[in-house]
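Inside the fold
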Amino acid sequence: MNSLKYLNGYPPELQAQVRQIIDAGRLGETMARRYPEANEVRSDSALFEYTQALKTRYLRSSEPLNKVCFDAKLKVIQHALGTHTRASRVQGSKLKAKREIRVATLFREAPAEFLKMIVVHELAHLKEQEHNKAFYQLCHHMAPNYGQLEFDLRLYMTHLDLLAAEACK
């Protein structure tokens, strides 16, 4: 099993540091010390309000969101932690567009900072479709420590995978 699959794009030196922390059995402790509290957003309605508040603060002029929810199947089926979709339908003589954000259910229990990171990421897709420079600038505008949060989320995912592997033994 590639225990560092979430860190594949990072330099080998950084991966070696993470490997040392894992081998010493300190990854869980490190994550708990850095992010001690789970978020308080537990329901779909609370997630919608949370997302809407961020959207109102940073992306007032973007199109409205029709739905924001937790999705239990997301990580397994689409290999994603969040998705942003647009659905267009013909309604009479008009074209009606709906926008939807789905967030993997693992974020119900995750630290608040990670929930914010994934919501910011999906909100940025309202303005920028591709993961380009403008997209990441927008992410950093909404969450100034976005890059660190993305890395730490990858460490958190690694930790969860290691826990699941231990439970299977």
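Residues numbered from 1 in each chain as written. Predicted model: local features only at pLDDT ≥ 70, side-chain atom pairs only at ≥ 80, totals over all residues. Heavy atoms only, no water.

1. Details of the confidence of the model for the chain
On average, residues of the chain score 88 in pLDDT, and 88% of them reach the 70 mark or higher. Within the chain, no element has a lower average pLDDT than helix 4 (residues 74–78), which sits at 56, and none a higher one than helix 6 (residues 133–142), at 97. (pLDDT = per-residue confidence, 0-100. Helix = DSSP H or I, 4+ residues; strand = E, 2+ residues; numbered from the N terminus.)

2. Brief notes about the nonpolar core
Val103, Phe107 and Leu123 are the most contacted members of the largest nonpolar core, which has 45 residues in total. Residue assignment for this core shows that the elements contributing at least two residues are helix 1 (12–23), helix 2 (27–34), helix 3 (44–58), strand 1 (67–71), strand 3 (94–104), helix 5 (112–127), helix 6 and helix 7 (146–168). Looking at this core element by element, the count peaks at 9 residues for helix 5. In this structure, Phe107 is in contact with Asn39, Phe70, Leu81, Phe114, Leu115, Ile118 and Leu153, ignoring residues within four places of it in sequence. (Core = buried A, V, L, I, M, F, W, Y, C linked by side-chain atoms within 4.5 Å. Buried < 20%, exposed > 50% of the residue type's maximum accessible area, 1.4 Å probe, protein only. Contact = heavy atoms within 4.5 Å.)

3. Here we look at the pattern of salt bridges
The tally for this structure, following the rule as stated, stands at 10 salt bridges. Salt-bridge contacts for Arg33 lead to Glu29; the nearest nitrogen and oxygen are separated by 3.3 Å. Of this pair, Arg33 and Glu29 are both found in helix 2, 4 residues apart, which corresponds to roughly one turn of the helix. Relative accessible area serves as the criterion here: at 46%, Glu29 is assigned to the partly exposed category. Salt-bridge contacts for Glu100 lead to Arg102; the nearest nitrogen and oxygen are separated by 2.7 Å. (Salt bridge = Lys/Arg side-chain N within 4 Å of Asp/Glu carboxyl O.)

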